[in-house]
Amino acid sequence: MKKLVVLSGAGMSAESGVSTFRDSNGLWQNHRIEEVASPIAWQNNPGMVLEFYNQRRKQLFEVEPNAGHLALVKLEEKYDVQIVTQNVDDLHERAGSTNVLHLHGELKKVRSTIDSSLVYTLDHWELKWGDKCEKGSQLRPHIVWFGEGVPLIGIATEIISEADFVLVIGTSMVVYPAAGLIGYAPESSLKYYIDPKAFPVSGISNLTVIKEKAGDGVPRLVDELLVDV
Ligand code: OAD
């Protein structure tokens, strides 16, 4: 089977009702995302950080996968599909995709602040100040914040370097290292970038830009890719 890698960003989940980061000027209660999603914010104002992620987690319990997520599942019939997502939602998994790597962490997971190997899945939306791990330290969102390393970037780079097909969906391609992954795809691989406001990408071979919403562009492209095999 040919290897097909999906690189998805916030636009993938936009039609499910999950807001993107930069479309409506990227502010949350007058804070830039970088000011809320950072170790310094956690140090100075953990209540604000908890509230930000609690609201996003609450929303996640109310939304459903969209036509784009569902179409990607069909690709598994004929391709070896690996999804590398910047999204912290679980909509790819809930749609039925099997291999999903979350570069920036997962909203439904929390972890210990003294032992990062202690990761727990929440079955409710609210993480409170005072909620502790089994070693007695505060739990924090299991999210990669600005200024923190991206532990899975090495695995993601290996995955994309073996791709025959790459689908980049709904990302502004401004947050590194995720935005640089496309550069590791083999020159010969066929690449597609689906985003209504697709940013200009230079120096990437065999790239087709599809300026459509994920809910329209992804099912159409998936149908084409399934016919062509
Ligand atoms: P952005 O908010 O930067 O970009 C969202 C992209 O989705 C834009 O290019 C939009 O044009 C596009 N878009 C909007 N609606 C769409 C639709 N219906 N279909 C397809 N595309 C659509 O989000 P990301 O690029 O994912 O990091 O942001 C990257 C990272 O920045 C996030 O993972 C997050 C954020 O800070 C962390 O939380 C660590």
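Residues numbered from 1 in each chain as written. Predicted model: local features only at pLDDT ≥ 70, side-chain atom pairs only at ≥ 80, totals over all residues. Heavy atoms only, no water.

**Quick notes on the environment of Pro46**
Note the cut-off: Think of it this way: any DSSP run of H or I at least four residues long counts as a helix, any run of E at least two long counts as a strand, and we number them from the N terminus. Residue burial is assigned from relative accessible area. The probe radius is 1.4 Å, only protein chains are included, and a residue is buried under 20% of its type maximum, exposed over 50%, and partly exposed in between. Residues count as neighbours in contact if any of their non-hydrogen atoms are within 4.5 Å of one another.
Structurally, Pro46 is set in helix α3 (residues 46-60). Given a relative accessible area of 17%, Pro46 falls into the buried group. Residues Pro46 and Trp129 lie 83 residues apart in sequence; the distance between their C-alpha atoms is 7.9 Å. Discounting residues that sit within four places of it in the chain, Pro46 has contacts with Ala41 and Trp129.

**Some details on the side chain of Arg140**
Basically, it comes down to this: Nitrogen and oxygen atoms within 3.5 Å of one another constitute a polar contact, given that in protein one can donate a hydrogen and the other can accept it, and given that sequence-neighbouring residues count only through two side-chain atoms.
The residue Arg140 is located in strand β8 (residues 139-143) in this model. Separated by 2.9 Å, the side chains of Arg140 and Glu148 make a polar contact. Apart from residues lying up to four places away in sequence, Arg140 is in contact with Trp42, Val110, Arg111, Thr113, Leu127, Trp145 and Glu148.

**A closer look at the site of the ligand**
So the rule is basically this: By convention in this text, a residue qualifies as near a molecule or strand provided that one of its non-hydrogen atoms is within 4 Å of it. Here, Shrake-Rupley sampling with a 1.4 Å probe gives the accessible areas, and only protein chains in the shown set may cover a residue. What fixes the domain bounds is an automatic or database domain assignment.
Close to the ligand lie 23 residues; Phe21, Arg22, Thr171, Ser172 and Asp195 are nearest. A distance of 2.9 Å separates a nitrogen atom of the ligand from a polar side-chain atom of Glu15. Residue Ala214 places a main-chain N or O atom 2.8 Å away from a nitrogen atom belonging to the ligand. If the ligand stood free it would expose 790 Å²; the protein chains cover 95% of that surface. Structurally, the shell around the ligand is a two-domain feature, drawing no fewer than three residues from each of domain 1 (1-18 + 65-104 + 149-229) and domain 2 (20-62 + 109-143).

**What about the packing of aromatic side chains?**
Convention followed: Pairs were defined over the aromatic rings of Phe, Tyr and Trp, the Trp ring being its six-membered one, requiring ring centres within 6.5 Å. Orientation was assigned from the angle between planes: stacked under 30 degrees, edge-to-face over 60, tilted for the rest. Should the NZ of a Lys or the CZ of an Arg lie within 6 Å of a ring centre and within 35 degrees of the ring normal, that charge is described as sitting over the ring.
What the rule picks out here adds up to four aromatic pairs. Arranged with centres 5.7 Å apart and planes meeting at 45°, the rings of Trp42 and Trp145 form a pair that is tilted. In this pair, Trp42 is assigned in helix α2 (residues 39-44) and Trp145 in the loop between β8 and α6 (153-161), connecting sequence segments 103 residues apart. For Trp145, a relative accessible area of 2% translates into the label buried. Here the aromatic rings of Tyr79 and Phe165 are separated by 5.4 Å at their centres, their planes lie at 80°, and the arrangement is edge-to-face. Placement of the pair is Tyr79 in the loop between α4 (67-74) and β4 (80-85) and Phe165 in strand β9 (residues 165-169), with a sequence separation of 86 residues. The exposure class assigned to Tyr79 is buried, which follows from its relative accessible area of 4%. Three or more aromatic residues link up through ring pairs in this structure, and these residues are Trp42, Trp129 and Trp145. For Lys58, the ring lying beneath its charged end belongs to Trp125, and the centroid distance is 4.7 Å. Here Lys108 stacks its cationic end above the ring of Phe61, 4.6 Å away from the centre of that ring.

**Some points on the domain arrangement of the protein chain**
Cut-off, in case you're wondering: When two parts are put together, the accessible area they lose, computed with a 1.4 Å probe and summed over both, is reported as buried area. Salt bridges are identified by distance alone: a Lys or Arg side-chain nitrogen within 4 Å of an Asp or Glu carboxyl oxygen.
Splitting the protein chain by domain gives domain 1 (1-18 + 65-104 + 149-229) and domain 2 (20-62 + 109-143). One C-alpha centre belongs to domain 1, the other to domain 2; they are set 25 Å apart. Summed over both sides, the interface of domain 1 with domain 2 buries roughly 850 Å², with 59% coming from carbon and sulfur. Its largest share of buried area at the contact with domain 2, domain 1 owes to Ala10, Val18 and Val88, together 39% of the area lost on that side. Linking domain 1 to domain 2 there are zero salt bridges.

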